[in-house]
Amino acid sequence: MNITRREFIGAGATAVATMTLSKPLFAVEGEQSLPATFAGRPVVIASANGIRGVAKAYDMITRENADTLDAIVAGVNIQELDPNDQSVGLGGLPNEDGVVQLDACCMHGPTKRAGAVAALEDVATASLVAKAVMDYTDHIMLVGAGAKKFALEMGFEEQNLLTEKSRQDWLKWKSCINNNDNWLDHSDPVKIKYSTGTINMNAVNATGDISSVVTTSGISWKIPGRVGDSAIIGAGQYCDNTVGAAGSTGRGEANIKVCGAFFIVELMRQGVAPEAACLKTIERVIAMTEKRLLDYRGRPRFDLSFYALAKDGRFGGATAYSGGQFAVADASGPRLVESAYMFKMTERPASPAMVCRQA
Ligand code: ASP
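What you see is a predicted model; the values in this text were computed from it and never measured.

### Some words on the overall build of the protein chain
Then, in step 1: Counting secondary structure elements, the protein chain contains nine helices and 13 strands.
Then, in step 2: Here the protein chain holds 359 residues, and 57% of them are scored as buried.
Then, in step 3: The contacts in the protein chain between residues at least 6 apart in sequence include a share of 66% that link residues at least 24 apart.
Then, in step 4: A total accessible area of about 15,200 Å² is found for the protein chain, and carbon and sulfur atoms account for 54% of it.

### What about helix H5 (residues 144-153)?
Then, in step 1: Residues of H5 that are buried: Gly-144, Ala-147, Lys-148, Phe-150 and Ala-151. Down the axis of H5, the buried set is contained in an arc of 160°. They therefore lie on one face. More than 90 degrees from the buried face of H5, the exposed residues found are Ala-145, Lys-149 and Glu-153.
Then, in step 2: The secondary structure elements touched by the buried residues of H5 are strand S3 (113-120), helix H4 (126-136) and strand S4 (141-143).
Then, in step 3: Once H5 ends, the next one or two residues include Gly-155, with phi positive near 95°.

### So, empty space enclosed by the protein
The rolling of a water-molecule-sized probe over the atoms marks out the regions of remaining empty space.
Then, in step 1: All chains considered together, the criterion is met by two cavities of 30 Å³ or more.
Then, in step 2: Of the pockets and cavities examined, the largest cavity occupies roughly 70 Å³.
Then, in step 3: What lines the largest cavity is a set of 13 residues, among which Thr-198, Gly-218, Arg-226, Asp-229 and Gly-250 lie closest to the centre.
Then, in step 4: Here the lining of the largest cavity is built from residues that sort into one nonpolar, nine polar and three charged.

### Overview of the nonpolar core
Then, in step 1: Core analysis: the largest hydrophobic core is formed by 45 residues, its most contacted members being Ile-45, Ile-264 and Met-268.
Then, in step 2: Looking at this core element by element, the count peaks at seven residues for helix H9 (residues 274-287).
Then, in step 3: Contacts of Ile-45, omitting those with residues within four sequence positions, involve Val-54, Asn-200, Met-201, Asn-202, Tyr-307, Ala-308, Leu-309, Phe-315, Gly-316, Phe-326, Ala-327 and Val-328.

### What about the confidence of the model for the protein chain?
If pLDDT is low for a region, its predicted coordinates should not be looked at in detail.
Then, in step 1: Counting all residues, the mean pLDDT for the protein chain is 87, and 81% of those residues have values of 70 or more.
Then, in step 2: Low pLDDT, under 50, characterises residues 1-31; the predicted model gives this stretch 46 contacts beyond four residues in sequence or across chains.
Then, in step 3: Note on residues 354-359: pLDDT is under 50 here. Beyond four places in sequence and across chains, it has 23 contacts.

### Quick notes on the environment of Asp-240
Then, in step 1: Considering the arrangement of structural elements, one finds Asp-240 in strand S7 (residues 237-240).
Then, in step 2: Sequence separation between Asp-240 and Arg-269 is 29 residues, and the spatial gap between their C-alpha atoms is 9.4 Å.
Then, in step 3: If near-sequence neighbours (up to four positions away) are discounted, Asp-240 is found in contact with Ile-210, Val-265 and Arg-269.
Then, in step 4: A polar contact is formed between the side chain of Asp-240 and the side chain of Thr-242, at a distance of 2.7 Å.

### Looking at the packing of aromatic side chains
Then, in step 1: Under the definition given, this model contains five aromatic pairs.
Then, in step 2: Considering the side-chain rings of Trp-173 and Trp-221, the 5.4 Å spacing of their centres and the 10° angle between planes classify their relative orientation as stacked. Taken together, the positions of Trp-173 in helix H6 (residues 164-176) and Trp-221 in the loop between strand S6 (210-216) and S7 put the pair 48 residues apart, joining distant regions of the chain. Trp-221 shares its class with Trp-173; the two are buried.
Then, in step 3: Measuring from centroid to centroid gives 6.1 Å for Phe-315 and Phe-326, while their planes differ by 75°, and the two rings are edge-to-face. Here the residue Phe-315 occupies a position in strand S10 (residues 315-321), and Phe-326 occupies one in strand S11 (residues 325-330), the gap between them amounting to eleven residues. Here Phe-315 and Phe-326 have matching classes, each one buried.
Then, in step 4: Sitting over the ring of Phe-302, Arg-251 keeps its end group 5.7 Å from the ring centre.

### Digging into helix H3 (residues 68-80)
Then, in step 1: The terminal C-alpha atoms of H3 lie 18 Å apart, and with 13 residues this matches the ideal 18 Å at 1.5 Å per residue to within 8%.
Then, in step 2: With eleven of 13 residues buried, H3 lies mostly within the body of the structure.
Then, in step 3: If you check which residues of H3 are buried, you get Thr-68, Leu-69, Ala-71, Ile-72, Val-73, Ala-74, Gly-75, Val-76, Asn-77, Gln-79 and Glu-80.
Then, in step 4: Each element contacted by the buried residues of H3 is listed here: strand S1 (43-47), helix H2 (51-63), strand S2 (102-108), H4, strand S5 (198-204) and S6.
Then, in step 5: By the N-cap criterion, in which a side-chain oxygen at the helix start approaches the backbone nitrogen of a residue two or three places on, H3 is capped by Asp-67, the distance to Leu-69 being 2.9 Å.

### Concerning the pattern of salt bridges
Then, in step 1: What the rule picks out here adds up to 20 salt bridges.
Then, in step 2: In this structure, Asp-169 and Lys-165 form a salt bridge, with 3.0 Å as the shortest nitrogen-oxygen distance. Taken as a pair, Asp-169 and Lys-165 lie in helix H6 at a separation of four residues, close to a single helical turn.
Then, in step 3: Arg-314 serves as the salt-bridge partner of Asp-312, at 2.8 Å between the closest nitrogen and oxygen.
Then, in step 4: Since its relative accessible area comes to 23%, Asp-312 is described here as partly exposed.
Then, in step 5: The exposure class assigned to Arg-314 is buried, which follows from its relative accessible area of 9%.
Then, in step 6: One network of salt bridges, in which partners are shared, links Asp-70, Lys-131 and Asp-135.

Reading the values: rules and limits
Residues numbered from 1 in each chain as written. Predicted model: local features only at pLDDT ≥ 70, side-chain atom pairs only at ≥ 80, totals over all residues. Heavy atoms only, no water. Helix = DSSP H or I, 4+ residues; strand = E, 2+ residues; numbered from the N terminus. Buried < 20%, exposed > 50% of the residue type's maximum accessible area, 1.4 Å probe, protein only. Contact = heavy atoms within 4.5 Å. Areas by Shrake-Rupley, 256 points an atom, 1.4 Å probe, with all protein chains shown as cover. Arc of directions from axis to C-beta. 1 Å grid on protein atoms, 1.4 Å probe; cavity = no way out; pocket = protein on both sides within 12 Å on 5 of 7 lines; lining within 4 Å. Points joined across faces, edges and corners; volume = space filled by probe spheres on them. Nonpolar A, V, L, I, M, F, W, Y, C, P; charged D, E, K, R; others polar. Core = buried A, V, L, I, M, F, W, Y, C linked by side-chain atoms within 4.5 Å. pLDDT = per-residue confidence, 0-100. Polar contact = N/O pair within 3.5 Å; in protein donor to acceptor, adjacent residues only side chain to side chain. Phe/Tyr/Trp six-rings, centres within 6.5 Å; stacked < 30°, edge-to-face > 60°. Lys NZ or Arg CZ within 6 Å of the ring centre and 35° of its normal. Expected span 1.5 Å × (residues − 1). Salt bridge = Lys/Arg side-chain N within 4 Å of Asp/Glu carboxyl O.

Listed below in structure tokens is the structure:
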């Protein structure tokens, strides 16, 4: 194992500190807080839906000595290929035309390379296509028809990503959008709202190499061609091999304006602990949010979550409202960990969601 003396001493010191520190809800700036079960490197973290993926990526890194990006891409592929996950890849909720359009991006710390795709259709594993853009082209991002053409040329399988369940949900949404259209009420009186969902995963291996990836079908019923933060390097994810990695899930429009993942990594570069960096970024998001999306107390009417992983293996996550969790795999095994938060969920104002006439 190729580990420098400085890194070894750093990891050892933080592991010892674990025994005496418990995790504060709000870490203060500069405080090097440690997750209660901190076990040092390697570590893989993800949004909560990545619980199977972090276990897979951690196994690949520790047992097969896999590259960190290969491992986390394999981790997110589990959700991308799962037709029951309606937030990414196959089975993702479609845009307003009933077409599934995917966004993804990734960064490889050791080689300082990145790739992205936006509004990709008919190929489930958008993360792998983003990685192919990184591996096989001199570009960083391909979009729409060009991204699909590239993917097919690279040998990716073309398939219809709209599952029957997602098609039915789309039909329900269409029958709810206004009282004067020509769509009849759907037989199933379920309230269909906008929904979000994405998977972000970040890993650091034993020697401190880091990678990050994020993949999504984006906000449901979006305007065709809408691109969210998951395609934007620096917003949906970011990785700097000298500092750490970060990523986001939730309302991409809010995250893009603050370059959230990049901002977190820059805060960690200045010595801010991962959890505190995530909280500070949520503060920044709120400060940059237009009035229509805030309640009278200045609280956001949307969800946004951040995840951060430092080079030494410390990690943290934060959400605007309580109740958030994220997935972690390290020597203590795969598990869900509670995110820090700004406000209690009970204080959350209603989203400006569309009102379904059946509800
Ligand atoms: N961030 C994604 C987007 O805005 C959606 C999500 O994470 O739920 O496209």
